[in-house]
Amino acid sequence: MTALSGSAGDTGLKSGRRPPANEVTVATHHGSAVRVHATGAPGTAVTTDHHKWDTFVRGVRAEEFDHFAS
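Keep in mind that what you see is a predicted model, and the values were worked out from it rather than measured.

## Focus on helix α1 (residues 50-61)
And step 1. Its 12 residues give α1 an end-to-end C-alpha distance of 16 Å, which sits within 8% of 16 Å, the value for a rise of 1.5 Å per residue.
And step 2. Residues Trp-53, Val-57, Gly-59 and Val-60 constitute the buried set of α1. Seen end-on, α1 carries its buried residues on one side only, within an arc spanning 160°. Along α1, exposed side chains directed more than 90 degrees from the buried face belong to His-51 and Arg-58.

What follows is the structure in structure tokens.
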């Protein structure tokens, strides 16, 4: 299962099944893009909009992607 945690502006996503090197951080800012960074790939980020990010998070919480980790 994936845990969602964080404070205003930043959300951390970390899988309980993966080593800490695969931690993902998410930076959100009001009215702008959402940037997703993997700690295992410094200098690399994925950028998306808030609507797409919210849809993805709902899918994670609904365990729609768990079959990829099997």
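## Some words on the nonpolar core
And step 1. Counting 5 residues, the largest nonpolar core consists of Val-26, Val-34, Val-36, Trp-53 and Val-57.
And step 2. Looking at this core, the elements with two or more residues in it are β4 (34-38) and α1.

## A word on a nonpolar patch on the surface
And step 1. On the surface, Phe-56, Phe-65 and Phe-68 cluster together into a nonpolar patch covering about 310 Å² of accessible area.
And step 2. Along the chain, Phe-65 turns up in the segment after α1.

## What about the packing of aromatic side chains?
And step 1. Tallying each qualifying case throughout the model produces 2 aromatic pairs.
And step 2. With a centroid separation of 5.3 Å and an interplanar angle of 40°, the aromatic rings of Trp-53 and Phe-56 are classed as tilted. Note that Trp-53 and Phe-56 are positioned in helix α1 at a spacing of 3 residues, about one turn of the helix.
And step 3. A relative accessible area of 33% places Phe-56 in the partly exposed class.
And step 4. Following the ring pairs from residue to residue traces out a cluster consisting of Trp-53, Phe-56 and Phe-65.

About the criteria used
Residues numbered from 1 in each chain as written. Predicted model: local features only at pLDDT ≥ 70, side-chain atom pairs only at ≥ 80, totals over all residues. Heavy atoms only, no water. Helix = DSSP H or I, 4+ residues; strand = E, 2+ residues; numbered from the N terminus. Expected span 1.5 Å × (residues − 1). Buried < 20%, exposed > 50% of the residue type's maximum accessible area, 1.4 Å probe, protein only. Arc of directions from axis to C-beta. Core = buried A, V, L, I, M, F, W, Y, C linked by side-chain atoms within 4.5 Å. Patch = residues over 30% accessible without salt bridge, like charges linked within 9 Å, V, L, I, M, F, W, Y side chains within 5 Å. Areas by Shrake-Rupley, 256 points an atom, 1.4 Å probe, with all protein chains shown as cover. Salt bridge = Lys/Arg side-chain N within 4 Å of Asp/Glu carboxyl O. Phe/Tyr/Trp six-rings, centres within 6.5 Å; stacked < 30°, edge-to-face > 60°.

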